[in-house]
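# Close look at the chain arrangement
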Amino acid sequence: LVQTFDMTHPYAGSDGCKACPNENSFSPRASPSVTSCLCNAGYFGNGSVCNGCPTDTYATLTDAVCISCPINTFSLAGSAALTACKCAAGLYGSEALNETCQLCPANSTSSLQHNRFESDCYCNAGFYGTPPTISCKECPGSNEYPWQSSHYCSCNAGYFGRPHLDKPCVPCPPDSTTTNSSQQRGQCSCNTGFYGNLDIGREECIKCPAHSAAPSRSLLLSACQCSIGYSAYPNPQALQRCSPCPPHSYTHTPSKCTCNQGFYASNISSSFSNSSSNASSSSSSSSDSNTSTFYCAPCIANSYNAFHSQDDVSACISCPRYSKSQRFNSTTILDCKCELGFFFDEVVLACSLCPTGSYGWPPHTSYGWPPNTSVTSDIAMETPGNTLNVSANSVVEATGGSCRLCPTNSYTADNITTDSSQCIACEADSFSSFAGEPCLCNAGYARQEGGACKLCSAGYFKPSRSRVSEPLAPCHRCPDNSSTTTNASRTSCQCVANFYGNGQLCGACPANSESLLGSVNRSTCICAAGFYGSVTEVMGQNSTEECQKCPANSSSAAGRAQEERQCECNIGFYSLFSTVSSLAAHNLSNGLTCASCPDWSSAAPNSTDLSNCSCLSGFYGLPSLQLECKHCGDNTKSSEGMNSQNTSCSCAVGYYASSFRGCKKCPTNSSTAADLNSVNSSLADCRCNRGFFGNPGAYDGHTKAC
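The paragraphs below set out a description of the structure included in this document.

The next thing to look at is the overall build of the chain. Each helix and strand counted, the chain has two helices and 71 strands in total. Looking at the chain as a whole, 37% of its 706 residues qualify as buried. Partitioning the contacts of the chain with sequence separation of at least 6, the portion at a separation of at least 24 is 37%. Looking at the chain as shown, the accessible area adds up to about 39,200 Å², and 53% of this sits on carbon and sulfur atoms.

Strand residues, when the strand is regular, have side chains that alternate between the two faces of the sheet. Buried residues dominate strand β29 (residues 263-267), accounting for four of its five residues. The pairing of β29 with strand β30 (residues 294-298) spans five bridges and is antiparallel. What sits directly across from A265, in β30, is C296.

With the rule as written, the count across this model stands at 28 disulfides. A disulfide bridge connects C123 with C136, and the sulfur atoms are separated by 2.1 Å. What sets the handedness of the C123 and C136 disulfide is the S-S torsion sign, and at about -90° it is left-handed. Here C136 lies in strand β16 (residues 134-138) and C123 lies in strand β14 (residues 122-123), a separation of 13 residues in the sequence.

Another point: the packing of aromatic side chains. Overall, the coordinates contain one aromatic pair when judged by the stated rule. A centroid spacing of 4.7 Å and a plane angle of 10° characterise the contact between W600 and F619, whose relative ring orientation is stacked. Within this pair, whereas W600 is found in the loop between β60 (594-596) and β61 (601-602), its partner F619 is found in strand β63 (residues 619-622), the two being separated by 19 residues in sequence. The lysine or arginine in question, K549, covers the ring of F531, its NZ or CZ lying 5.5 Å from the ring centre.

If you trace the backbone, S601 turns up in strand β61. Among the polar contacts made by the side chain of S601, one reaches the main-chain carbonyl oxygen of P598 at a distance of 2.5 Å. Excluding residues that lie within four positions of it along the chain, S601 makes contacts with C613, S614, C615, L616, P623 and C629.

Rules of the game
Per chain, residue numbering runs from 1 following the sequence as it is written. It should be noted that, the model being predicted, local features are given only for residues of pLDDT at least 70 and side-chain atom pairs only at 80 or more, the latter also being counted only at that level, while totals for whole chains, interfaces and linings use all residues. Note: side-chain values were computed over all heavy atoms of the structure, leaving out hydrogens and water. Helix and strand assignments come from DSSP, with helices taken as H or I runs of at least 4 residues and strands as E runs of at least 2, each series counted from the N terminus. Burial classes: relative accessible area under 20% of the type maximum marks a residue as buried, over 50% as exposed, and values in between as partly exposed (1.4 Å probe, protein chains only). Any two residues whose heavy atoms approach within 4.5 Å at even a single point are treated as in contact. Accessible areas in this description were obtained via Shrake-Rupley with a 1.4 Å probe; residue shielding takes into account the shown protein chains only. Two strands are counted as paired when DSSP detects at least two bridges linking them. In what follows, a disulfide is any cysteine sulfur pair within 2.5 Å. Pairing of aromatic rings covers Phe, Tyr and Trp, the last counted by its six-membered ring, and requires centre-to-centre distances within 6.5 Å; plane angles under 30 degrees mean stacked, over 60 mean edge-to-face, and any other angle means tilted. Charge-over-ring placement is defined geometrically: NZ (Lys) or CZ (Arg) within 6 Å of the ring centre, and within 35 degrees of the ring normal. Any N or O atom pair separated by 3.5 Å or less is treated as a polar contact, with the protein-specific requirement of one donor-capable and one acceptor-capable atom, and with residues adjacent in sequence counted only for side-chain atom pairs.

By themselves, these figures tell us nothing about what the structure is for.
Structure representation (structure tokens):
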């Protein structure tokens, strides 16, 4: 392909073709290598690097370097052929047609765009003719100036005439001018600041009155407009003089003064009017001392004017209701500050009462007028040449314009509140946190009609503070089978004991099971004491998942037994299995059988063998060895579990052994020191009580009563 080459084969397909490395280069069809790349016309180089030819040179596709244009010709940069070389200005001809560039005839020249033929040459400035047929000749006189390529001479700017008709150029009247080639006086026009119609007779240009001006080419006096700061009031259309605008005004439209923002137009006093009338008859040189027939007075306090105008006092707009302005000549409604207890709402452009729960700010103060103010009347006026006058010792009260929130836990009544001391503290067990909110009862409390906040009783709750829309929101009663743990509950209810759920819906635990207060899931229900089993989250399909009663003579603690074998034998009973192998078989069977201990014996709860049975107090024996429990005798006792022999029996205090089967009371006014063995004790163990003497149990038979 053209502009591509193949590094390996001159006839390779498109997959092997590569672009020449420079965007300004190309290659012939079927080029085998990069060396086949050549620079485009208008460029020079080796095909890999191509640069544009400079001005006044050219290069074709076959040229390796740029060739200079012939003498007296030029070309643009990047020219690609000899035809791009053109004759220079002032010459004519075409090198492309083997025509040598030649100079135009004397006093003539040519343009770069049109210079092929000699007839393309035209006369220089200040000369006239039609080369080559009529040679260029100089125009007569220094005030004449021909247009280029014109065939005759014409007048310069500021002159008029027909020199080609032997009518010489003459200057325009004073304070006027004209453009080139003007032929008549009427083509002259007055300069800026002058007016007149020069096409009428011998009329001249007249200067506009003092402090006024008119644009060039103005014909009438009405074209003169007063300068900035001056006006032709009261009749701008019949301008006779321009008077200075009064203080606090400016020229809003030509020849018309308007009062500044914050001021309004007012008529001057009669004495001032007379002096103005006298001034109008004086010369124009003294017009600077005369002013317009109105003056600008400031809008009084509590009013404003946001526009420039010549309107009367009606231009001053009163401040909105509940607002005041702190100064005269206010320019915007924002100068009107709301009174204390109100704030400015820029949406409705009005002062609104501070919301409930807030008070006006800043504190009530006053501002006096600045010094050097004279006293005239209660209405401030601005007279020409004087300063602002206000009433004696006049003050404008400072206003609010903003609201501050009452402190936390306080509120305001529904009236104008101008001070934080008017904020009322909330009652006990209530609070107020932000503007517009009354004191609301705390969580767990409810406001009684016309009374204070009262705590919610047990079984009732209020989870949060009352809403503004429900200041008397009551305590809520807990749903069925639910309650609260304490009074003044802030949280929702909980299911009572033996029920489960989220507090809003509580279900009963299965039969023979129980749960604690606040149980959430069914699985928190446990089998009651004396029952065994397992309660699941979802009710099962058979009764084995529910709680069943422990076997006869056995019991269990609540939630301790999931299987029957985990029940424990009651007091005085024992498991029938007494060997390890039989106990293992019992565990595998998950069953339980409790047998009663022999007569006059008992066993601790959860006893697993007959050996756990022991004689009751006052009896002796060994039940585990089939030795029945026997009574110790009258006036005797024994410790339970420590009574395998009769020696375990002992006489009570004050008794001694009289025989193997019983104990006998000591003589009167005597006793024993402690419990005595019922076998080894005797009368000799008796001693007189405190306060008595004798020997009731002498061994020598000489007993002596106490």
